[in-house]
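# Summary of the model geometry
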Amino acid sequence: MTVTQDAPAPEIGQARRRKEDQRLITGRTRWTDNIALPGMLHLAMVRSPFAHAKITSIDASAAKAASNVVTVITGADVAEEQGGLPNAWPITPDQVTPPHPPVAVDRVAFAGEIVAVVVARSAAAARDAAELVDVDYEELPAALDLKESAEDKVLAHPDLGTNKSALWVFDSAAAGTGGDVEEAIAKAREDGIVIEREYRQQRLIPAFMEPRSVVVDPTGEQITMWSATQIPHILRFLLAAVLGIPESKVRVIAPDVGGGFGGKLQTTPEEFITMVIARRLGKPVKYTETRSESLMSAHHGRDQWQRLTLAADKDGTVTGLKVDLLADLGAYVSLVGGGVPVLGAFMFNAIYKFPAYHWQVQTVLTNKTWTDAYRGAGRPEATYAIERLMDELAVEVGVDPLEIREKNWIKHEEFPFTTVAGLEYDSGNYEAATARAKEMFGYDDLRAEQAERRARGDKVQLGIGVSTFTEMCGLAPSRVLGSLDYGAGGWEHASIRMLPTGKVEVITGTSAHGQGHETAFSQIVADRLGVAFEDVEVLHGDTQIAHKGLDTYGSRSLVVGGEALVRAADKVIEKAKPIAAHLLEASVDDLEFAGGRFTVKGTDQGMAIGEIALAAFASHNYPEGIEPGLDADATFDPVNFNYPHGTHLCAMEVDTETGASKMRKYVCCDDIGNIINPLIVAGQVHGGLVQGIAQALWEEALYDDSGTLVTGSFVDYLLPTAADTISFEVDHTVSPALTNSLGTKGVGEAGTIASTPAVVNAIVDALRPYGVNDIQMPCTPERVWRAINSGGAGGSTEESAMPHFDQSEGGAQ
C-alpha cells in the first residue's frame, strides 16, 4: 500500500476547548437528580436539631398517614442491616473510632444526623411528611470547642471515655531523615532565632455546585446506584463489603457530577440508607439533598489549631521545625478524615532545607459535622503555616521575605532532593518560577510604593504577600500508602479499544467532576496513536464499563491515570506492529511508527493504525499466532508522588480606619511540568486561587454554643462571586516530572494551596507598622480593624492555651 496522509498536528500543548462543555452549557446533562425511573420512590431525611442527644422516642404515625407516604423507617428498624460507615485510613493501631450508623439508633452526635427516613411517591410529599415525624430527645452536653474537647472536658461519645482519637508522630531523628529538633531549638535559643506561633485553620465547607443525590434501582439482575460521587469504584467496593452484597451484583454510576473539591470523596449515610431501603422495598428510590442539608451534613474541611516552633541561625538559615497540631474530626472518623492532616506531615518543611523536623497531630472527636478531604487535603494547612512562619523569620532577620526563602530553599541543581520528611523531590526550579513571578508582579516597584505610603502615613496601606509552595500529589504509590495504613492502593487503570471504523474508545478508572478529563485524555491518546482528536471517545464513571479504577482525588488523574493511558496506547502500537508487518510484507524490525502510521523504513509504503484496526477486526489476512484485535489494558502504579511548585505574589490594600481589605494585584508562576491543555490548566488555577483566597478573606463554618451550624445557607456562609475577585495573572515554568513519561505534574489543587498564605501575608505585611503579626482567618474587616486597634493579632488566639500531647500517648510513626 502506498497511500499517504498528513499526520495530525500535535494535540498536547493545544488550548482545546473542552469536549464536555457543549453538553454542559446547553443543558444536555444527566445529573443524578435528573434520573427518573418507573415506579420510583423518594426519600426525605429527618435530622436531629441537637448536636448531642439521646433519642427517647420517635412517633411516625402522623407521617405514615400523610398523603402519598409509603413508610417511615427509623434507625431501630434497620439496625441489623444498615451496617456502619467505614473508615479507610486508621492512622494508628489504637485509633479510637466510634461506630457510625447511617441512621442513628439511640443517640445523635451532631446537628444534622439522620434519625428517620420518610419514603413517599414524590419528593415534595416526602419533605412535607418529614415535618410530621415527632422525635423526642434528651439533650446532652456537647463537645464543641476543639481545645476543650482535646482535654476531654465534655465527651462527644461518652461510651468511649475520651475525645482523643489518634496521635500520629513523625520525628526526623527517629526516622533517620534528619537531626534532633529539640537540640536545634535549644541551640537557637542560646545563639540564634526561635519563632513560636499559633495559627488557626478555620472550618470550611466544600460547597460544590451540585448537591449530593443518589438513585438506587434494585429491580434488575444487578443493583444499580447512580450517585453524585468522586469515587464510584471505591463506593461500589464499600457498599458490597459493608452490606454483604456480592460485588458483582453492584453497579455504581457517577453520571455528570457538578463539582466535588473532595466533598464527594466520601461514602455517605444517604448512599447506604438509600441502598438499604431500595433493597427492602424492591423498588427504585431517589434521595436529593437540599442546599441547607448539604452545608449542614455533608462533610466539612480543615479545622485545626497549629502550634509551631522554628529554629534558625542569626542569619536566617533554618535549623529546625517543630509542629504540634490539633485536628477536629467532627463527630465521626470519616472515610479518610483521620489521614487528611497526616498528608500535611510531609509538607510542612515545604521547599526548605530543614535539617531537623518533628511533627505530630492529635485528632479529636467533637459534636460537629464530620470532616474529611477538602481541596488540597492537608497540603494547604501545611503551606499556610510554613509560609506564614517564613515571613516572620524574614521580619526577625530584617530582610525581604523572598530573600529569606531563597536562602533556605532547595536549589535547582540539587534535584532530586531527599527532604527531612523522607520524600524525594524529583524535579523543580524555584529560582525560575520566582524570577518570573517577580517580573510579572513588578515586585520592586510595588515595594517602593509601599515604602512611600508608609512614609506618608497613608490611611490605606499596601501589603505584599509571598507564597512559595510545593505539594505532594498524584496520590499513588501503593506501597507508601500501605506503609501509612491507608486502606487502598494508588494505581490506576486504563483501557483502549481500537474500533474497526478507526475510532478509539478510551476507558479510564478516574472519574471526572469538572476537570476536563474527556478533553485532556483525548489529546494524549490522539497524539500517542496519531488519530484525530475528534475520533477519541472517553468513557468513565461507570463500574460496568470502567471495571477497574481508583477514581479522582489528590490531583492524581493526569499523573497516574494519564500515564496508564499512555502505556495502554503503547501496547496498542506494539500489538499492531506484527499485523502491519504481515500486511506490508515487511519485517517487524523494518517498521517505524509516527503520526498514526506504520511505514517501511526507506520507502513510502505504509498503513494507518485505523486500517490495521479494520484488518484485525476482519482477520481475513492475518499473521499466524497473533490474537485478533488491538485492544489493550494498562495499570500504572507510580514509584513516587508528584511535586508541582510555584511562587504566588499578592498585593493587598488595607484601609486602616475601617479594616477593609482590597486586592490590588495577584500573580502566580507555577511549575506543573509539561502542560497538556493550557486552557484547562488556566481554569484549574483560577478556580483554585478563588477557593484559597476565599479561605483567607470570607469563608468560615460557625456553630453557636448549642452546636447548631449558623452558617447553614449562602446568606451566612460567604462564597465569593466573580464580582468579589480580580483578574489574576498566571504563567508557568517547566521542570518536567521524572515520575511519568508525559513529564506532567498535578495542578488541580495548586492554586488553593498557595493562595491563602499569600493573601494573609499581604494583609499582615500592610499592618506591620501597627504591631500586627497575625490575623485569624477569615480576615474580615472587623478582625483587621481589631488587630490594628489592639496592635496585636486580631483574635488569632483563644483564651485557653493549646494543650500539648506527649508522644507517649499514642502511635509514633
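This section reports on the structure supplied with the text. Source: prediction; values computed, not measured.

Definitions and cut-offs
- Residues numbered from 1 in each chain as written.
- Predicted model: local features only at pLDDT ≥ 70, side-chain atom pairs only at ≥ 80, totals over all residues.
- Heavy atoms only, no water.
- Pairing = 2+ DSSP bridges.
- Helix = DSSP H or I, 4+ residues; strand = E, 2+ residues; numbered from the N terminus.
- Axes fitted to C-alpha atoms, helices over the stretch in contact; angles between N-to-C directions.
- Contact = heavy atoms within 4.5 Å.
- Buried < 20%, exposed > 50% of the residue type's maximum accessible area, 1.4 Å probe, protein only.
- Parallel < 35°, antiparallel > 145°, perpendicular 65-115°, else oblique.
- Left-handed = near helix turned anticlockwise from the far one by under 90°.
- Expected span 1.5 Å × (residues − 1).
- Core = buried A, V, L, I, M, F, W, Y, C linked by side-chain atoms within 4.5 Å.
- Phe/Tyr/Trp six-rings, centres within 6.5 Å; stacked < 30°, edge-to-face > 60°.
- Lys NZ or Arg CZ within 6 Å of the ring centre and 35° of its normal.

### Quick look at the sheet that holds strand S13 (residues 301-312)
Ordered by their spatial adjacency, five strands build an open sheet running S7-S15-S14-S13-S8, and the pairing between neighbours is mixed. The sheet terminates laterally at strand S7 (164-171) and strand S8 (193-204), the two strands that pair on one side only. Direction aside, neighbouring strands of the sheet carry axes that sit 10° apart on average. Contacts from helix H11 (residues 379-397) reach S8, S13 and strand S14 (318-330), with the element oriented near 145° to S8.

### Some remarks on the pairing of strand S21 (residues 536-539)
Every second residue of S21 is oriented toward a common face, the buried set being Val536 and Val538 and the non-buried set Glu537 and Leu539. Looking at chain direction, strand S20 (residues 504-508) and S21 are connected through four bridges and run parallel. What sits directly across from Val506, in S21, is Val538.

### Section: the side chain of Thr267
By the element assignment, Thr267 lies in the loop between strand S11 (250-253) and helix H8 (269-281). On the basis of relative accessibility, which here comes to 1%, the residue Thr267 falls in the buried class. Apart from the residues within four sequence positions on either side, Thr267 is in contact with Leu85, Pro86, Ile231, Leu235, Leu238, Phe272, Leu335 and Trp370.

### A short note on the sheet that holds strand S23 (residues 597-600)
On the basis of which strands lie adjacent, the open sheet formed by three strands has the order S22-S23-S24 and antiparallel pairing. What marks the edges here is a single partner per strand, and that holds for strand S22 (591-594) and strand S24 (606-608). Each neighbouring strand pair of the sheet contributes to a mean axis angle of 20°, computed without reference to strand direction. As paired strands, S23 and S24 are joined by three bridges and run antiparallel to one another. Note that in S24 the partner of Arg597 across the bridge is Ala608. Packing against the sheet, helix H18 (residues 609-618) makes contact with S22, S23 and S24, and its axis sits at approximately 80° to S24.

### A short note on the packing of H11 against helix H20 (residues 750-766)
Where H11 contacts H20, the two axes come as close as 8 Å, and the packing angle between them is 30°. It follows from the interaxial angle that H11 and H20 lie roughly parallel. When you trace H11 past H20, the crossing you get is right-handed. Counted together, Arg379, Pro380, Thr383, Tyr384, Glu387, Arg388 and Asp391 of H11 and Ile753, Thr756, Pro757, Val760, Asn761 and Val764 of H20 form the full contact between these two elements.

### Details of H20
The terminal C-alpha atoms of H20, which comprises 17 residues, lie 25 Å apart, in line with the 24 Å expected from a rise of 1.5 Å per residue. Of all 17 residues making up H20, 17 are buried, and the element is well covered by its neighbours.

### Comments concerning the nonpolar core
A general tendency of soluble globular proteins is for nonpolar side chains to be buried together. With 96 residues, the main nonpolar core has Trp168, Leu310, Phe348, Trp359, Tyr666, Val759 and Ile763 as its most contacted residues. Other than its neighbours up to four places away in sequence, Trp359 contacts Trp168, Val169, Phe170, Val323, Leu325, Pro341, Val342, Gly344, Ala345 and Phe348.

### Brief notes about the packing of aromatic side chains
Under the definition given, this model contains 15 aromatic pairs. On the numbers, 6.2 Å between centres and 70° between planes, the contact of Trp168 with Phe346 is edge-to-face. Of this pair, Trp168 sits in strand S7 while Phe346 sits in the loop between helix H10 (340-345) and strand S15 (357-365), placing them 178 residues apart in sequence. Each member of the pair, Trp168 as well as Phe346, is classed as buried. Relative to Tyr430, the ring of Phe415 has its centre 5.5 Å away and its plane inclined at 80°; by these criteria the two rings are edge-to-face. Of this pair, Phe415 sits in the loop between helix H12 (401-408) and strand S16 (417-418) while Tyr430 sits in helix H13 (residues 430-441), and the two are 15 residues apart along the sequence. Relative accessible area serves as the criterion here: at 3%, Tyr430 is assigned to the buried category. Clustering of aromatic rings is evident, with ring pairs tying together Trp168, Phe170, Phe346, Phe348, Tyr357 and Trp359. For Lys264, the ring lying beneath its charged end belongs to Phe208, and the centroid distance is 4.6 Å.

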